[in-house]
Structures are given as C-alpha cells and as structure tokens.
Amino acid sequence: TALVGEITGKYYGKSFVVGNIGIPYTKVAMETKEDSVIVAEISSFQLETAIDFKPHVSAVLNVTPDHLNRHHTMENYAAAKEAVAAKQTKDDTCVLNYENEYTREFGKRCTAKVVYFSSATKLDNGYYLEGEEIMVATDGVATKLMNIHDMNLVGICNVENVMAAIAISKAMGV
C-alpha cells in the first residue's frame, strides 16, 4: 500500500495513503480533490460490512490462515477478502497473486479485469519473476522491467509486493 502511494504520488503529484495502514480516510477526506489519488488498505474486517465500496483498482496479494478466530473458516476469510472486488466491473482491475491457490481460483470468478503476478510461474499475461528479472508479458510477449537487485527491498515477499505495486500503479494509469 505504501509503495503504491509512493509510485502514484510521484506520478500524479499527490496521493493519500489511508485505511488499515494507519490513517483513516476521514482524516484526509476534506483535503482530496476530484483528481486526487486515494490508495487504501482495506481489511477483511472492514470488507465484511462494506456496501458501496467500488475501487477502480483492487488487489488481493494472498489468502493464508489468518484471522480465523473471527472468520472461523478459510472459505469465510477468502470470501471476506474477495469482497474488495464485489462491486467492480470489467472496466475495473483486480490484481491477484497467481501463486496463491485462493487468489488464483478467485481470478476465475472475478468480474473485474484480472491481472496476475507470480514469483514462480512464467505468465503469458501478467507480471512474473524470471531469474533475477521482473518481467511483464502481454499475449506471450515479455518485456524486462527491472532487476530485483536494483530494489532496496529484499526477499521473495518483497519481490511479490513490488510486482503487485507495479501492476496496481499501471492499472491506475502510471
């Protein structure tokens, strides 16, 4: 979320990073303008009661056993996280992790345009890691975006975070 905020802020001049990351949207709402970029981290708890939430771009990076004391089952937890895209249409984008079984399966049902990222699978369409290079492919034609050693972040989880941030930012017009 913070990385997307940095990318969009540099590109658009101003972005607001809000939500579960620590800053309530209500704290900055009066500062936003029609052309403001809002980057929000929305928790599964918040998504349970969301009614009219409709982001232009959404993402689910993973669904792993978490918050089961509240959601009770993985299926309930996955459904709560999938609610981020519930109101999206084919004109919107949902970025998903191809390597997570839950998000890959959700991609088959998602009403938004799905963009996958993967740290282990070469994709014909989407973002993926090939050796030390982050690649983007469209209809099987791949382009190198960056070497992971050019990042100031380490670990495969951060490589996935960077791929997701790039995919989200690209879907936001960057």
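Refer to the structure presented above.
As a starting point, this report considers the structure included with it. (Residues numbered from 1 in each chain as written. Predicted model: local features only at pLDDT ≥ 70, side-chain atom pairs only at ≥ 80, totals over all residues. Heavy atoms only, no water.)

Concerning the overall build of the protein chain
- Scanning the protein chain from N- to C-terminus turns up 7 helices and 8 strands.
- In summary, the protein chain has a C-alpha radius of gyration of 16 Å against a globular reference of 16 Å for 174 residues, a match within 12%.
- By its C-alpha atoms, the protein chain is 40 × 40 × 30 Å across when sized along the principal axes.
- When the accessible area of the protein chain is evaluated, it comes to approximately 10100 Å², of which 52% is carbon and sulfur surface.
- Computing the positive centroid from 16 side-chain charges and the negative centroid from 22, the protein chain places the two 4 Å apart. (Helix = DSSP H or I, 4+ residues; strand = E, 2+ residues; numbered from the N terminus. Rg over C-alpha atoms; globule rule 2.2 N^0.38 Å. Areas by Shrake-Rupley, 256 points an atom, 1.4 Å probe, with all protein chains shown as cover. Lys, Arg positive; Asp, Glu negative; His and termini not counted. Charge placed at Lys NZ, Arg CZ, Asp CG, Glu CD.)

Points about the environment of Leu47
- Following the sequence through the fold, Leu47 ends up in helix α3 (residues 44–48).
- Counting along the chain gives 35 residues from Leu47 to Glu82, while the straight-line C-alpha distance between them is 8.6 Å.
- When sequence neighbours within four positions are dropped, the list of residues in contact with Leu47 reads Ile42, Phe53, Ala80, Lys81, Ala83 and Val84. (Contact = heavy atoms within 4.5 Å.)

Structural notes on the pattern of salt bridges
- Under the definition given, this model contains 5 salt bridges.
- The residue Glu6 makes a salt bridge to Lys10 at a minimum N-O spacing of 3.8 Å. Separated by 4 residues within a single helix, Glu6 and Lys10 lie in helix α1 (residues 2–12), roughly one turn from each other. (Salt bridge = Lys/Arg side-chain N within 4 Å of Asp/Glu carboxyl O.)

Some details on the sheet that holds strand β5 (residues 113–118)
- Pairing within the open sheet is mixed, and its 6 strands lie in the order β3-β4-β5-β6-β7-β8. Each having just a single partner strand, β3 (57–60) and β8 (141–147) make up the two edges of the open sheet. Adjacent strand axes in the sheet meet at a mean angle of 20° when their direction is disregarded.
- Bridging between β3 and strand β4 (residues 93–97) involves 4 bridges; their strand directions are parallel. Bridge assignment links Val57 to a residue of β4, and that residue is Thr93. (Pairing = 2+ DSSP bridges. Axes fitted to C-alpha atoms, helices over the stretch in contact; angles between N-to-C directions.)

Some words on helix α7 (residues 156–171)
- A rise of 1.5 Å per residue sets the reference length of α7, with its 16 residues, at 22 Å; its end C-alpha atoms lie 23 Å apart and thus fit the reference within 8%.
- Of the residues making up α7, those classed as buried are Asn158, Val159, Glu160, Val162, Met163, Ala164, Ala165, Ala167, Ile168 and Ser169.
- Gly173 occupies a position one or two residues after α7 and carries a positive phi of about 100°. (Expected span 1.5 Å × (residues − 1). Buried < 20%, exposed > 50% of the residue type's maximum accessible area, 1.4 Å probe, protein only.)

Points about the packing of helix α5 (residues 74–82) against helix α6 (residues 101–109)
- Closest axis-to-axis distance for the α5/α6 pair is 11 Å, and the angle between their directions is 55°. Looking at the two axes, α5 sits oblique to α6. Seen along the crossing, α5 lies across α6 with a hand that is right-handed. In contact with Met74, Glu75, Ala78 and Glu82 of α5, α6 contributes Tyr102, Phe106 and Arg109.
- Residues of the contact of α5 with α6, tallied by class, amount to 4 nonpolar, no polar and 3 charged. (Parallel < 35°, antiparallel > 145°, perpendicular 65-115°, else oblique. Left-handed = near helix turned anticlockwise from the far one by under 90°. Nonpolar A, V, L, I, M, F, W, Y, C, P; charged D, E, K, R; others polar.)

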